[in-house]
Amino acid sequence: MLVVKEYEALLEAYGRAGGNLDALRNNEVGNLVIHENKVLSVQEADGIKVETKETESGVSIHFLVEEGAKIEYPVHLCFGVLPEEGLQEIMLRVEAQNNSAVNVIAHCIFPNAVDVIHKMDADIKIGDNAKFSYRETHYHGEIGGIKVIPKAKIVVGKGAVWESTFSLIQGSVGLLDYDFEIFGDEKSTNELLVKVFGKKEDDISIVEKIHLNGQGARGLAKSRLVLNDNAKAMVRGETYGNAPFARGHVDCLEIVNGDGVIARAIPVVYVNDKQAKVTHEAAIGSVDKKQMQTLMARGLSEEEAVDIIVKGILR
Amino acid sequence: MLQVKYLKLTLNGNPIINELNLEVKEGKIHGLLGVNGAGKTSLANLIMGISYPDEGSIIFEEQDITRCTISERGKMGITMAWQEPARFEGLSVGEYLRVSNNLGVNDIENYLWMVGLPPGEYLDRAVDANLSGGERKRVELASVLALKPKVAVLDEPDSGIDVVSLPHIMNGITEMSKQGSAVLLITHSEEAVRVAEEVSIICAGEIINSGPPREMCRWFRDNCQTCPHIGEPSYKGV
């Protein structure tokens, strides 16, 4: 009975935050719902096996996509802590076997956090010619009393594709310590994208590392941040071209929109093969003047113009 | 509709715009022809409120708007298409065309057709670096059309354009006039300025001649294209 109550409360919070409830209630859609250290719902789809084990402070998950399985609908993962205080440690082991394809959407819901820690340690293996798309969206409250610490090691096989988007633009970030590292084999595609809207006293650290170890591997470490008030951010995008014809790019944009903001970007590009190529671009500054003038020449106020530009960057 | 009176602008003591007078009439296309460095873009920026003159005034519908902000001018119905339009990450063409109006999809599609962009291919594309220069300029014109402005300042809409895009750009400008907008068409191309009802020639920040397009194009060819001021900054003086 308690589990049902928690489940409904979590979904209600998710719905209030603008999430798509139909997807989580659809019987044909694979999903996994976890509140604190309790597994509230597991629904496997054809071609997907999910094993979970509750621990003292979280849940261990083994997520398997079977060889050759092409999962039609996105699989939804829902993690949350509803009380003001709590600790949630997710140990995630993902195995996408050869030639599989899946789209996973994770919703992380912490609407009331005053002193909450959400940690994720992920060990992910993408088989040869498999395709794995992972989108993680956070829904936070306005207090900012939360620490979000997602770490992942991702091994991407030959001809395989990894694309991930981490998005934290709703509510206060609190403390974010994001660290994803990818190892891409021959002709693999490896893309990391982070979008964060920092406000108040938010403290943001983002590390994106891509090792292009196989011939012809491609990588993109991209980040988009908008920082208001006194938010602090450090973005470190690293790409290593270790094989012939590896192509990588680091792309960081931080929009500084507050007097107390501190923004740093450290792009690292490293090449140890003469036929590899890695490029980078990093821009930190206020909202682009020409974009502002263009929108204001359409009759928008300065605030309205900033709003449109920021929403576009974080979309 | 829009009058520029004795406008002066100096930069580091050098005159950029020098006692310039110009009038753009309601529903008409006024061409402004000049070589690089003549002061064309500086004048466009002054009219839009991106910069302010040292002296002189800009009158719109009998109101002095010389010190009005860009937004205030935009709200009054003055707008501009930049020579190099800004790119917007995460903003679709459809959204860009609806930035400050409530037009329906059919209207937006019509404006895209007017500049030769099939809506099915372009409505959902981002107004970012993935659009070519010609596509971006056509989107810019479509967005100005969608605003139905009282005055549209078009800063070299024809420059750097591929041959496929050019007729669509010119069609967009003509449509703008048809829907009642006064257009200041800034260009260094004799071809482009032929759609105008009246043409003024600018050199070293001054209007040095005005008249019908055919006559002014001939005058421009005979005088400006052989003038040693070609490519020189206007502050070098005549």
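Higher on the page you've got the structure.
Bear in mind the structure is a predicted one, so any value in this text is a computation, not a measurement.

(A) Expanded view of the overall build of chain B. Assigned secondary structure in chain B consists of eight helices and 10 strands. Considered along the principal axes of its C-alpha atoms, chain B spans approximately 50 × 35 × 30 Å. The buried share among the 238 residues of chain B stands at 54%. Partitioning the intrachain contacts of chain B with sequence separation of at least 6 by distance along the chain shows that 67% fall at a separation of at least 24. Accessible area of chain B: about 10,100 Å², with a carbon and sulfur share of 47%.

(B) Summary view of the overall build of chain A. Regarding its fold elements, chain A presents four helices and 19 strands. For chain A, whose C-alpha radius of gyration is 20 Å, the value lies close to the compact-globule estimate of 20 Å for 315 residues. Dimensions of chain A along its principal axes, counting C-alpha atoms only, are 55 × 50 × 35 Å. Here chain A, with 315 residues, has 55% of them falling under the buried criterion. Put simply, of all contacts in chain A between residues at least 6 apart along the chain, 78% involve residues at least 24 apart. Summing over all exposed atoms, chain A offers an accessible surface of approximately 13,300 Å²; the carbon and sulfur share of this is 47%. Averaged over its 35 positive side-chain charges, chain A has a centre that lies 6 Å from the centre of its 47 negative ones.

(C) Representation of the sheet that holds strand 6 (residues 78-81) of chain B. Residues and elements named next belong to chain B. Judged by pairing direction, the sheet is mixed, and its six strands sit side by side in the order 6-7-8-3-9-10 without closing on themselves. What marks the edges here is a single partner per strand, and that holds for strand 6 and strand 10 (206-211). Taking each pair of neighbouring strands and ignoring which way they run, the sheet shows an average axis angle of 20 degrees. Here strand 9 (residues 198-203) runs beside strand 10; their pairing, made up of five bridges, is antiparallel. Within strand 10, the position partnered with serine 200 by the bridge is serine 210. Across the sheet, helix 6 (residues 133-147) lies against strand 6 and strand 7 (151-155), angled at about 170 degrees from strand 6, the strand it touches most. Across the sheet, helix 7 (residues 165-178) is in contact with strand 3 (29-33), strand 7 and strand 8 (182-187); its angle to strand 8 comes to roughly 155 degrees.

(D) Local environment of the interface of chain A and chain B. Between chain A and chain B, the contact holds 20 residues from the first and 26 residues from the second. Roughly 1,800 Å² of surface becomes buried between chain A and chain B when both sides are summed, with 55% attributable to carbon and sulfur atoms. Counting every contact that joins chain A to chain B gives three salt bridges. The partner of A:Arg298 in a salt bridge is B:Glu140, with the nearest N and O atoms 2.9 Å apart. Run the count over chain A and chain B and you get 13 residue pairs in polar contact (both at pLDDT 80 or more). The set of elements that each furnish at least two residues to the side of chain A that touches chain B consists of strand 15 (218-227), helix 3 (289-296) and helix 4 (302-314) of chain A. Counting residues per element, the side of chain A that touches chain B draws most heavily on helix 3 of chain A, which supplies six residues. Looking at side-chain class alone, the side of chain A that touches chain B contains eight nonpolar, six polar and six charged residues.

(E) View of the nonpolar core. Ranked by internal contacts, the top residues of the largest apolar core, which has 92 residues, are B:Leu2, B:Leu43, B:Tyr96, B:Leu97, B:Leu154 and B:Ile173. The residues contacting B:Leu97, other than those within four sequence positions of it, are B:Ile108, B:Tyr111, B:Leu112, B:Val139, B:Ala142, B:Ser143 and B:Ala146. Listed in part, the 65 residues of the second largest apolar core include A:Val50, A:Phe110, A:Val116 and A:Ala233.

(F) A look at helix 1 (residues 40-48) of chain B. A large share of helix 1 of chain B lies buried, amounting to seven of its nine residues. Of all the residues in helix 1 of chain B, the buried ones are B:Lys40, B:Leu43, B:Ala44, B:Asn45, B:Leu46, B:Ile47 and B:Met48.

(G) Local environment of the packing of helix 3 of chain A against helix 4 of chain A. Residue and element names in this part refer to chain A. Contact geometry of helix 3 with helix 4 gives a least axis separation of 9 Å together with a crossing angle of 120 degrees. As the angle between them shows, helix 3 and helix 4 are arranged oblique. For the pair helix 3 and helix 4, the crossing hand works out as right-handed. Between helix 3 and helix 4, the residues in contact are Gln291, Met292, Leu295 and Met296 and Glu302, Ala305, Val306, Ile308 and Ile309, respectively. Considered class by class, the residues forming the contact of helix 3 with helix 4 number seven nonpolar, one polar and one charged.

(H) Quick peek at the pattern of salt bridges. Residues and elements named next belong to chain B. This structure, assessed with the given rule, holds 17 salt bridges over all chains. Glutamate 156 is paired through a salt bridge with lysine 40; the nearest N and O atoms lie 3.6 Å apart. Placement of glutamate 156 in the loop between strand 7 and helix 7 and of lysine 40 in helix 1 is noted, with a sequence separation of 116 residues between them. Classification of glutamate 156 as buried rests on a relative accessible area of 3%. Look at lysine 40 and you get buried, because its relative accessible area is 3%.

(I) Region of interest: empty space enclosed by the protein. Residue and element names in this part refer to chain A. Per the counting criterion, the structure on display carries four cavities of 30 Å³ or more. By volume, the second largest cavity amounts to about 50 Å³. In this structure, the second largest cavity is lined by Phe63, Leu77, Leu92, Val94, Val104, Ile124, Phe132, Tyr134 and Trp162. At the level of secondary structure, the elements contributing two or more residues to the lining of the second largest cavity comprise strand 6 (85-96) and strand 9 (131-140). Looking at the lining of the second largest cavity residue by residue, the class counts come to nine nonpolar, no polar and no charged.

(J) Molecular detail of the pairing of strand 3 of chain B. Residues and elements named next belong to chain B. Taking burial as the measure, the five residues of strand 3 include five buried ones, the bulk of the element. By the alternation rule, side chains of strand 3 split into Ile29, Gly31 and Leu33 and His30 and Leu32, which are all buried. Both strand 3 and strand 8 contribute to a ladder of five bridges, which runs parallel. Bridge assignment links leucine 32 to a residue of strand 8, and that residue is isoleucine 186.

The rules behind these values
- Residues numbered from 1 in each chain as written.
- Chains lettered and ligands numbered in written order.
- Predicted model: local features only at pLDDT ≥ 70, side-chain atom pairs only at ≥ 80, totals over all residues.
- Heavy atoms only, no water.
- Helix = DSSP H or I, 4+ residues; strand = E, 2+ residues; numbered from the N terminus.
- Buried < 20%, exposed > 50% of the residue type's maximum accessible area, 1.4 Å probe, protein only.
- Contact = heavy atoms within 4.5 Å.
- Areas by Shrake-Rupley, 256 points an atom, 1.4 Å probe, with all protein chains shown as cover.
- Rg over C-alpha atoms; globule rule 2.2 N^0.38 Å.
- Lys, Arg positive; Asp, Glu negative; His and termini not counted.
- Charge placed at Lys NZ, Arg CZ, Asp CG, Glu CD.
- Pairing = 2+ DSSP bridges.
- Axes fitted to C-alpha atoms, helices over the stretch in contact; angles between N-to-C directions.
- Buried area = accessible area lost by both parts, 1.4 Å probe.
- Salt bridge = Lys/Arg side-chain N within 4 Å of Asp/Glu carboxyl O.
- Polar contact = N/O pair within 3.5 Å; in protein donor to acceptor, adjacent residues only side chain to side chain.
- Nonpolar A, V, L, I, M, F, W, Y, C, P; charged D, E, K, R; others polar.
- Core = buried A, V, L, I, M, F, W, Y, C linked by side-chain atoms within 4.5 Å.
- Parallel < 35°, antiparallel > 145°, perpendicular 65-115°, else oblique.
- Left-handed = near helix turned anticlockwise from the far one by under 90°.
- 1 Å grid on protein atoms, 1.4 Å probe; cavity = no way out; pocket = protein on both sides within 12 Å on 5 of 7 lines; lining within 4 Å.
- Points joined across faces, edges and corners; volume = space filled by probe spheres on them.

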